[in-house]
Amino acid sequence: MLRAALLSAAGNRGLARFVTKHGRRLGAYRFVAGETLDEFMRVVASTNAAGMRVAAGLLGEDVADRAAAVAVAREYETVLDRFAASRANANVALKLTHLGLAIDRDLASSNVEAVARHAGLSGNFVRIDMEQSAHTDATLAIYRSLRARGQHKTGTVLQAYLYRTAADLESLLDLSPNLRLVKGAYLEPVEIAFPNKRDVDKAYVGLIETSLLRGGFTAIATHDAAVIEHSIEFIRSKRVREGTYEFQMLYGVRPRLQADVARRGHALRLAVPFGSQWYPYFMRRLAERPANVAFFLSSMWRG
Ligand SMILES: Cc1cc2nc3c(=O)[nH]c(=O)nc-3n(C[C@H](O)[C@H](O)[C@H](O)COP(=O)(O)OP(=O)(O)OC[C@H]3O[C@@H](n4cnc5c(N)ncnc54)[C@H](O)[C@@H]3O)c2cc1C
């Protein structure tokens, strides 16, 4: 209930204006690495210094016009240039709606290809995040077309809550894909997604095992300590090769678990978002955990 309310509150314009205006004070910076590239690069440096990799996410979703979508692609290229200049252990993860998917699929496709080509100049990598189910087909089609056009340092994401995902994974295996596996963050109807968390968790573990055994590169992106322990044991017992997997978590979420995974010598990448358009991202993080809402409300109360 609370999750659904928070996810739908993300669309409330009055609330969005209020939260955006007071974001820093309301605690958004626990999950967001600032609004500017310089603020973000400081977080990249400290994350790398703590032995963790970074996946940069420029915050924002649907854009209003073609020029805005192209501008987002150029911003990602600037981020990649900063990574190369500072030799950061960091790549980028982007959303196709941010690159114009809702306006024109070819626009999003050519934008992501331009970013991937740019990343290639410094040997870097680009991942396409997975958004609402309305975009799943387009996202997978664009990922396949990137690979078909020789952009091999690219990857995408599969969401365990969708019934279709086991079949999607199977159909991608020929590509030796680089996949981030997640449980799924959006509100989806029961016709297409498991309504019960237990079913999502079970499907998630199945995807992880299949991908570790038969995929290219597997990013296990979760804060679920039981799934992480299961994966570590699976990797050990099946002798999954180092360098073919990593763990991923979100900046600001379960920092003690992050430190523990890194301390035990497992590759860990933090998804670190930045930029002024952080409101929908922040609301999804609140929806994931009631304690975050308590934290948010107490920040409001403290003024
Ligand atoms: C690196 C990364 C990239 C992602 N990319 C995508 C994507 O492209 N598309 C997509 O749909 N989803 C994405 N997600 C979100 C994902 O789908 C889940 O919504 C999110 O990770 C929460 O699920 P969980 O696997 O952590 O497990 P859960 O079972 O939800 O949580 C496990 C434990 O972690 C705690 N926890 C979870 N979230 C939080 C939080 N925000 N704050 C504090 N504690 C928390 C829970 O309380 C619980 O104890 C991504 C997640 C990560 C880590």
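Residues numbered from 1 in each chain as written. Predicted model: local features only at pLDDT ≥ 70, side-chain atom pairs only at ≥ 80, totals over all residues.

> Looking at this structure, how should I read unusual backbone geometry?
Peptide bonds are trans in most cases, and residues, glycine excluded, mostly fall at negative phi. Although it is not a glycine, Arg239 sits at a positive phi angle of roughly 50°. By the element assignment, Arg239 lies in the loop between α9 (225–237) and β7 (245–250). Residue Arg239 is classed as exposed on the basis of its 7 C-beta neighbours within 10 Å. (Helix = DSSP H or I, 4+ residues; strand = E, 2+ residues; numbered from the N terminus. Buried ≥ 20, exposed ≤ 12 C-beta atoms within 10 Å, placed from the backbone.)

> What is the right way to look at the nonpolar core in this model?
In summary, soluble globular proteins display a tendency toward joint burial of nonpolar side chains. Counting 77 residues, the largest nonpolar core has Tyr76, Val92, Leu94, Leu99, Val112, Leu181 and Val272 as its most contacted members. The element best represented in this core is helix α4 (residues 66–86), accounting for seven residues. The contacts of Val272, once residues within four sequence positions are left out, are Ala33, Phe40, Val43, Val44, Thr47, Val54, Ala55, Ala56, Gly57 and Tyr251. (Core = buried A, V, L, I, M, F, W, Y, C linked by C-beta atoms within 7 Å. Contact = placed C-beta atoms within 7 Å.)

> For this particular structure, what's the right way to read the packing of helix α8 (residues 197–214) against α9?
At a minimum axis separation of 11 Å, α8 and α9 run at an interaxial angle of 25°. By the criterion of interaxial angle, the relationship of α8 to α9 is roughly parallel. Relative to α9, the crossing made by α8 is right-handed. Between α8, through Asp201, Tyr204, Val205, Ile208, Glu209 and Leu212, and α9, the contact on the second element is made entirely by Val227, His230, Ser231, Phe234 and Ile235. (Axes fitted to C-alpha atoms, helices over the stretch in contact; angles between N-to-C directions. Parallel < 35°, antiparallel > 145°, perpendicular 65-115°, else oblique. Left-handed = near helix turned anticlockwise from the far one by under 90°.)

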